[in-house]
Amino acid sequence: MKNDSYTHEKLSPHLWRIIDSTGVCCYLVVGTERACLLDTTNGLGNIKEYIQGVMNRPVFVILTHAHLDHMGSSGLFDEVYLNMEDLPVYRYKTSTEHRLYDAKKRLKLQVSNISELPPIYDREFRPLTDGQCFELGEITIQMISVKGHTPGMMCALLKEERIAIFGDACGVAVMLMDQFSSNVSEYRESLLHLKEYEEQYDVVYRNHGTFTSPKELLDNVIECCDLVLAGKDDHVPFQLYGHDLFLCHKLKSGTHERVDGKEGNLLYLSEKVK
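A few points on the structure. (Residues numbered from 1 in each chain as written. Predicted model: local features only at pLDDT ≥ 70, side-chain atom pairs only at ≥ 80, totals over all residues. Heavy atoms only, no water.)

### Regarding the side chain of T140
Which entries qualify depends on this criterion: Secondary structure follows DSSP: runs of H or I at least 4 residues long count as helices, runs of E at least 2 residues long count as strands, and numbering of each begins at the N terminus. Polar contacts, as used here, are pairs of N or O atoms within 3.5 Å; protein pairs need one atom able to donate a hydrogen and one able to accept it. Residues neighboring in sequence count only if both atoms are side-chain atoms. We call two residues in contact whenever any of their non-hydrogen atoms come within 4.5 Å of each other.
Relative to the elements of secondary structure, T140 occurs in strand 9 (residues 140-145). A polar side-chain atom of T140 sits 2.8 Å from a polar atom in the side chain of E135. Those residues within four positions of T140 in sequence are excluded, and the remaining contacts are C133, F134, E135, L157, L158, K159 and E160.

### A look at the packing of aromatic side chains
Put simply, the rule reads: Only rings of Phe, Tyr and Trp enter the pairing, Trp through its six-membered ring, and a pair is recorded when the two centres are within 6.5 Å. The plane angle decides the type: under 30 degrees is stacked, over 60 is edge-to-face, the rest tilted. The rule is simple: take the accessible area with a 1.4 Å probe, protein chains only, and divide by the maximum for that residue type; under 20% is buried, over 50% is exposed, in between is partly exposed. Remark: a charge is flagged as sitting over a ring if the NZ atom of Lys or the CZ atom of Arg is within 6 Å of the ring centre and within 35 degrees of the ring normal.
A full pass over the atoms with the stated rule returns 10 aromatic pairs. Measuring from centroid to centroid gives 5.5 Å for Y6 and Y50, while their planes differ by 45 degrees, and the two rings are tilted. Of this pair, Y6 sits in strand 1 (residues 6-12) while Y50 sits in helix 1 (residues 47-52), and the two are 44 residues apart along the sequence. Using a relative accessible area of 14% as the deciding quantity, one classes Y50 as buried. Judged by centre distance (5.1 Å) and plane angle (45 degrees), the rings of Y121 and F125 are tilted. F125 matches Y121 in its accessibility class, with the two residues each being buried. One aromatic cluster is present, formed by F60, Y81 and F134 through successive ring pairs. Seen from the ring of Y205, R17 lies directly overhead, with NZ or CZ sitting 5.0 Å from the centre. Lying over the aromatic face of F77, K48 brings its terminal NZ or CZ to 5.9 Å of the ring centre.

### Examining helix 6 (residues 216-230)
Worth spelling out the cut-off: One less than the residue count of a helix, multiplied by 1.5 Å, gives the span that helix is expected to have.
Spanning 15 residues, helix 6 covers 21 Å between terminal C-alpha atoms, matching the ideal 21 Å at 1.5 Å per step. Turning to helix 6, its buried residues are L217, L218, N220, V221, I222, C224, C225 and V228. On its buried face, helix 6 is in contact with strand 12 (174-176), helix 5 (184-195), strand 13 (203-205), strand 14 (212-213) and strand 17 (266-268). Note on helix 6: the residue one or two positions beyond its end, G231, has a positive phi of about 70 degrees.

### Examining the sheet that holds strand 8 (residues 133-135)
To be explicit about the condition: The pairing criterion is simple: DSSP has to find at least two bridges between the two strands.
The sheet built from six strands is open, its strands ordered 8-9-10-11-13-14 with mixed pairing. Here the strands that pair on one side only, and so sit at the sheet edges, are strand 8 and strand 14. In this structure, strand 8 lies alongside strand 9, joined through three bridges in antiparallel fashion. Across the sheet, C133 pairs through a bridge with Q142, a residue of strand 9.

### Examining the sheet that holds strand 12
Either a parallel or an antiparallel arrangement is found when strands of a sheet pair, and the pairing is made through backbone hydrogen bonds. Applied cut-off: In this analysis an axis means a line fitted to C-alpha atoms, helices contributing only their contacting stretch, and an angle means the value between N-to-C directions, from 0 to 180 degrees.
If you walk across this open sheet you meet the four strands as 12-17-16-15, and the pairing is mixed. Of all strands in the sheet, those with a lone pairing partner are strand 12 and strand 15 (236-240), marking the two edges. Looking at each pair of strands side by side, their axes are set apart by 30 degrees on average, direction ignored. Looking at chain direction, strand 16 (residues 243-247) and strand 17 are connected through two bridges and run antiparallel.

### Thoughts on the packing of helix 5 against helix 6
What counts, and what does not: Throughout this description, any angle smaller than 35 degrees is read as roughly parallel, any larger than 145 degrees as roughly antiparallel, any in the 65 to 115 degree range as roughly perpendicular, and the remainder as oblique. Crossings are sorted by hand: turned counterclockwise from the far helix by less than a right angle, the near helix makes the crossing left-handed, and turned clockwise it makes it right-handed. Each residue gets one label: Ala, Val, Leu, Ile, Met, Phe, Trp, Tyr, Cys and Pro are nonpolar, Asp, Glu, Lys and Arg are charged, and the others, such as Gly, are polar.
At a minimum axis distance of 10 Å, the contact between helix 5 and helix 6 shows a crossing angle of 155 degrees. With respect to their mutual orientation, helix 5 and helix 6 come out roughly antiparallel. Here the hand of the crossing between helix 5 and helix 6 comes out left-handed. Touching V184, S185, Y187, R188, L191, L192, L194 and K195 of helix 5 are L218, D219, V221, I222, C225, D226, V228 and L229, all from helix 6. Its residues assigned to classes, the contact of helix 5 with helix 6 comprises 11 nonpolar, one polar and four charged.

### Looking at the pairing of strand 16
Pairing between strand 15 and strand 16: five bridges, direction antiparallel. Note on strand 16: the bridge partner recorded for V236 is L247. Hairpin connection from strand 15 to strand 16: two residues lie between these consecutive antiparallel strands, with Y241 at a positive phi of about 50 degrees.

Pasting the structure below:
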């Protein structure tokens, strides 16, 4: 695997953003004693080798959820954490049939065998739970359960630096679109749980798009849930990956931006409205 597939930028004294060649990012948290890689992107390149060029600490991995664009090349690492609620998602996403489909349809790769794809962690995961803290040396990560996009979806709070990494848990177009996603009411409850921490962070980061959002994002997505449940959203038909979905808010033509200028949207299956 190549080693030129990533770029990085330093965001704070202890935090780096690692961006892969597809535009998906993950986050490297470096303490004085050890480091943690929050997700591993699509992994189209040796991300372990790459981050060793950024820092020289022992490193472990936390997967925020079990989607392939967040756990590619996770198999290069020995210590990997995952919320056990996401094991069914992991088993489905790592099946040979799905991995080959994803590689061809989403990543546009011409492959015939999964051995040609980035290695996915295939040993016993270390369990990840709501509120669990990791002390890295002068920086602490606290994990927060935000069930919705997947049943085991987690956010990371960097306590000393007052940074929240929402990842895919809360963003510009949160997707509730398959058999593993929560319904809108359940997702709203998870967002209210995340809101309990809002006085502990000033900065919000994500894994896609612009990577950065205002704190208002959380309230905006909660509002999306309220509108959908009340039947008062824009209910815009939207097709993605073969799913017939609906978008809560209308978008400006040719963009992912809401017409009203706010950030945060919900993309959902009709059966998730309950």
